[in-house]
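Results of the structural survey
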Amino acid sequence: MIIHRGYNNLNLSSPSVTLGIFDGVHRGHMTLLNRLTDKSKETNGESVVVTFSPHPRLVLENEKKPLFFLTTMDEKVERLEKAGIGHLVIIEFNAEFSRIPACDFIKNILVDKIGTKHLILGFNHHFGRRGEGDFETISNCAETNHFTVEQVQGFHTEEGAISSSVIREALLTGRLDEANKWLGYNYSLTGSVISGRQIGRSLGFPTANIDPDDTHKLIPMNGVYAVDVKHDGYLLAGMLSIGTNPTVNSDSMRRTIEVNILNFNEDLYGRKLTVTFRKRLRGEIRFENTEKLTAQMELDKQQVIELLG
């Protein structure tokens, strides 16, 4: 996949295009992306995804509540490449850009700069100033700008349509199995190992404290998880704790992400780790003492071994 930072100096052959944020690049998105790659093959052209950075909500919303997303840009690029997309155009999103009317965006950027021949949109997709670019508006613009447009229905389950917001809610409420099913892959995060209080080591379970690379990366609900840990090309089994460690930090509200890697005792400070969430074992518990905490951690470890080997 070729990555373009901006839309100038593109030379694309009969491009079929879709656009959006694609947070999570989940199974709903894959319905759209599969149609895009199929269309590019039908027309002997190129498949193009247009996305925006930073996330528009970070620019447009003045919320005091912090915003969290399923994928960083690097993760999004990796998922889109695996989907077989030929070109990714990343457009800088700012307040000025947000004021561009939908038809001006279509004419001046999608058509004149990118050369769109066929535009594929998801269900209920809106873009442009105040979200005025709905399917009807886009269809009218397409007729005057000589390209075709189609709309793809989303991926539905018994619970309803899959969306990024539904998956975020599942992760935040401890429903990891559902989130992974709807993503179509296991959720993960990447970060650097930072120094901690070494309480885990004193209990016989040395942990690596992970500081996520992206401050807007969504952290799942507090609890204990079975995870795969990627380190220097190796894949290792681990049990990961997210929370405030209430048994030993009764007054602290600071959340930490700590992973105990099974059968591993190397110094990891400053190193990058990627943890992939395979199973949520339990919620966070305040134990009466560290002896009971250690006994539970032994049980957690046995579960991880049974699950991951």
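Coordinates for the structure precede this section.
Residues numbered from 1 in each chain as written. Predicted model: local features only at pLDDT ≥ 70, side-chain atom pairs only at ≥ 80, totals over all residues. Heavy atoms only, no water.

One turn of an α-helix holds 3.6 residues; hence residues three or four places apart share an orientation. The complete set of buried residues in helix α5 (residues 102–111) reads A102, F105, I106, I109, L110 and V111. Within α5, the buried residues cover an arc of 155 degrees as seen down the axis, which keeps them to one side. On the buried face of α5, the contacting elements are β2 (16–19), β3 (47–53), β4 (87–92), α4 (95–98), β5 (118–122) and α6 (135–145). (Buried < 20%, exposed > 50% of the residue type's maximum accessible area, 1.4 Å probe, protein only. Helix = DSSP H or I, 4+ residues; strand = E, 2+ residues; numbered from the N terminus. Arc of directions from axis to C-beta. Contact = heavy atoms within 4.5 Å.)

Let us look at the packing of aromatic side chains. Within the structure shown, the criterion is met by seven aromatic pairs. Residues F52 and F97 carry aromatic rings whose centres are separated by 5.8 Å and whose planes lie at 50 degrees to one another, so their mutual orientation is tilted. With F52 in strand β3 and F97 in helix α4, this residue pair connects regions lying 45 residues apart in the sequence. For the pair F52 and F97, one class covers both residues: buried. When the centroid spacing of 6.1 Å and the interplanar angle of 35 degrees are considered together, the rings of Y187 and F277 count as tilted. In this pair, Y187 is assigned in the loop between α8 (176–183) and β9 (188–194) and F277 in strand β14 (residues 272–282), connecting sequence segments 90 residues apart. Here a set of aromatic residues connected by ring pairs shows up, and it is made of F52, F93, F97 and F105. The lysine or arginine in question, R79, covers the ring of Y185, its NZ or CZ lying 3.7 Å from the ring centre. (Phe/Tyr/Trp six-rings, centres within 6.5 Å; stacked < 30°, edge-to-face > 60°. Lys NZ or Arg CZ within 6 Å of the ring centre and 35° of its normal.)

With that settled, the discussion passes to helix α7 (residues 164–172). Buried residues of α7: S164, I167, R168, A170 and L171, and no others. Take α7 and look down its axis: the buried residues cluster within an arc of 160 degrees, on one side only. Residues of α7 that are buried in the fold lie against α1 (27–42), α2 (56–60) and α8.

The tally for this structure, following the rule as stated, stands at 13 salt bridges. For R278, the salt bridge identified is with D228, shortest N-O distance 2.8 Å. In this pair, R278 sits in strand β14 while D228 sits in strand β11 (residues 223–231), placing the two residues 50 residues apart along the sequence. Taking relative accessible area as the criterion, R278 reaches 34% and is therefore assigned partly exposed. When salt bridges with common partners are traced through the structure, they connect R35, E42 and E150 into a single cluster. (Salt bridge = Lys/Arg side-chain N within 4 Å of Asp/Glu carboxyl O.)

Turning our eyes to something else, we now look at the state of the cysteines. The tally for this structure, following the rule as stated, stands at one disulfide. The disulfide that involves C103 links it to C141, with 1.7 Å between the sulfurs. Of this pair, C103 sits in helix α5 while C141 sits in helix α6, and the two are 38 residues apart along the sequence. A relative accessible area of 34% means that C103 is categorised as partly exposed. (Disulfide = S-S within 2.5 Å.)

Turning to the sheet that holds β4, a few remarks are in order. Read across the open sheet, the six strands follow the order β1-β4-β3-β2-β5-β6; overall the sheet is parallel. Two strands bound the open sheet, and with one partner strand each, they are β1 (2–5) and β6 (148–152). Put simply, the sheet's adjacent strands are angled 25 degrees from each other on average, direction ignored. As paired strands, β5 and β6 are joined by five bridges and run parallel to one another. Its bridge partner being in β6, G122 is matched across the sheet by V152. Lying over the sheet, α6 contacts β5 and β6, oriented at roughly 160 degrees with respect to β6. (Pairing = 2+ DSSP bridges. Axes fitted to C-alpha atoms, helices over the stretch in contact; angles between N-to-C directions.)

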